[in-house]
Amino acid sequence: MSWNDLIDKNGTAVIPDGTEEIPENVYSHCGILKSVIFPSSVRVIGRHAFDSCGSLESAVLPDGLVEVGDYAFRLCHRLNISHLPDSVVKIGDGAFDSCKLPESLAFTNVTEIGGAAFNQCWGLRCITIPACTKTIGTFAFHSCKDLERISVDPDNPNFSASGNCLLSKDGKTLFQDCNTSVIPDGVEEISIGAFTDMSGLKSISIPGSVVKFERGSFMECYGLESITVDPGNANYKSSGNCLLSKDGTVLIAGCRDSVIPNGVKVIGKCAFRGCQALERINIPDTVTEICDDAFHYCRSLRSITIPDSVKSIGHSAFLYCYNIEEIRTGNPEIVKGTGATNAKIVKC
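For the structure given in this document, a descriptive report is provided here. On a predicted model such as this, the values are computed, not experimentally measured, just so you know. (Residues numbered from 1 in each chain as written. Predicted model: local features only at pLDDT ≥ 70, side-chain atom pairs only at ≥ 80, totals over all residues. Heavy atoms only, no water.)

Comments concerning the sheet that holds strand β28 (residues 344–347)
Thought 1: The strand order β25-β27-β28 describes an open sheet built from three strands, whose pairing is parallel. Sheet topology places β25 (303–306) and β28 at the edges, where each strand pairs with a single neighbour. Each adjacent strand pair in this sheet contributes to an overall mean axis angle of 20°, direction not counted.
Thought 2: Looking at chain direction, β25 and strand β27 (residues 326–329) are connected through four bridges and run parallel. Bridge pairing in β27 links I304 to I327. (Pairing = 2+ DSSP bridges. Helix = DSSP H or I, 4+ residues; strand = E, 2+ residues; numbered from the N terminus. Axes fitted to C-alpha atoms, helices over the stretch in contact; angles between N-to-C directions.)

Have a look at this one:
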């Protein structure tokens, strides 16, 4: 009997008793699968085993499960993961991408959480990292819009938590935030995507200790209204609700209420990306460069005027700005390749 023969007319697959491993790709992109019943013997769910099963609604992970492979349940949008068994040790890259999760997850014996393992998972409000966790991949909890609390066992030798932020053990690197995060003093580096897509985040204050932001640290925080920087910070400052280089020439990140200050020369990569509530922005004539993806997915933006001072606009700078009706510029050629396909280009 093949694995597909296990699916009955109601879309339920009953995995036979004694099965220890679900093979890779076994039900990947299976549109008729609605539920899976695992026996207690299952120890490993293979890579892509249920990847993109769009109709899958029920799959209770069995006690005794040790490993969930890369992308095992990715894009199972209807699937509600009710609990994570205490026996699980390894969670692969993208394993539960876009699934619904319980409000709280305690990774009791998990030593490894893969990159994007819980990307865009909804329902999750609280995560607790135990002492045994050794690695947490990039974007592990990316775009978990409901996340409110992050805690780490004090005995964990690799990670710590403070201000509802996931940090390195020494507290110098911030890996993940949530909707209630406050960046602690002592943080020096904000990792890529640390604050990405936190719709409930309204304000952010950068302490004086921060020396480095990775690209796109605050992109798609469409509820963000306020950005401030401690005046004692030697590397960055804030003005007009914008995060700027200390000399004020580079705009690193903006928000819905930003006013770009005079003196800014470069609007950085992904500076306003995903700022969905941004309706209008004035670009001062000190700006000479607009970098890649600067206004990507600013879907409320209606019009924009590009001053003659701007000599280059990066790739996809206005991509997915669906409602932008008009771009006024003295050099229409400069707008080509920016993704502004719906906008009327007006030479002025």
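Focus on the nonpolar core
Thought 1: F50, F73, F96 and F118 are the most contacted members of the largest nonpolar core, which totals 53 residues.
Thought 2: Counting residues per element, the ones that place at least two in this core are β10 (126–129) and β12 (149–152).
Thought 3: Listed in part, the 31 residues of the second largest apolar core include I260, I283, A294 and I324. (Core = buried A, V, L, I, M, F, W, Y, C linked by side-chain atoms within 4.5 Å. Buried < 20%, exposed > 50% of the residue type's maximum accessible area, 1.4 Å probe, protein only.)

What to know about the pattern of salt bridges
Thought 1: Following the criterion strictly, the structure yields nine salt bridges and no others.
Thought 2: Close ionic contact of R47 with D70 constitutes a salt bridge, the shortest N to O distance being 3.5 Å. Highlighted residues: R47 in the loop between β4 (44–45) and β5 (58–59) and D70 in the loop between β6 (67–68) and β7 (90–91), separated in sequence by 23 residues.
Thought 3: Between R328 and E326 there is a salt bridge, and its shortest N-O distance comes to 3.8 Å.
Thought 4: Counted as one network, the salt bridges with shared partners bring together E103, R125 and E148. (Salt bridge = Lys/Arg side-chain N within 4 Å of Asp/Glu carboxyl O.)

Some points on the sheet that holds strand β24 (residues 289–290)
Thought 1: Ordered in space as β20-β21-β22-β23-β24-β26, the six strands form an open sheet in which the pairing is mixed. Only two strands of the sheet have a single neighbouring strand rather than two, namely β20 (236–239) and β26 (312–313).
Thought 2: Inspection of the sheet shows β24 paired to β26 by two bridges, in the parallel sense. Across the sheet, residue E289 finds its bridge partner in β26, namely S312.

So, the side chain of S143
Thought 1: Relative to the helices and strands, S143 resides in the loop between β11 (135–136) and β12.
Thought 2: Separated by 3.2 Å, the side chains of S143 and H142 make a polar contact.
Thought 3: If near-sequence neighbours (up to four positions away) are discounted, S143 is found in contact with N119, Q120, C121, T196 and D197. (Polar contact = N/O pair within 3.5 Å; in protein donor to acceptor, adjacent residues only side chain to side chain. Contact = heavy atoms within 4.5 Å.)

What to know about the environment of L79
Thought 1: As for its position among the elements, L79 is in the loop between β6 and β7.
Thought 2: Separated by 19 residues in sequence, L79 and V60 place their C-alpha atoms 9.9 Å apart.
Thought 3: Apart from residues lying up to four places away in sequence, L79 is in contact with L56, E57, S58, A59, F73, C99 and K100.

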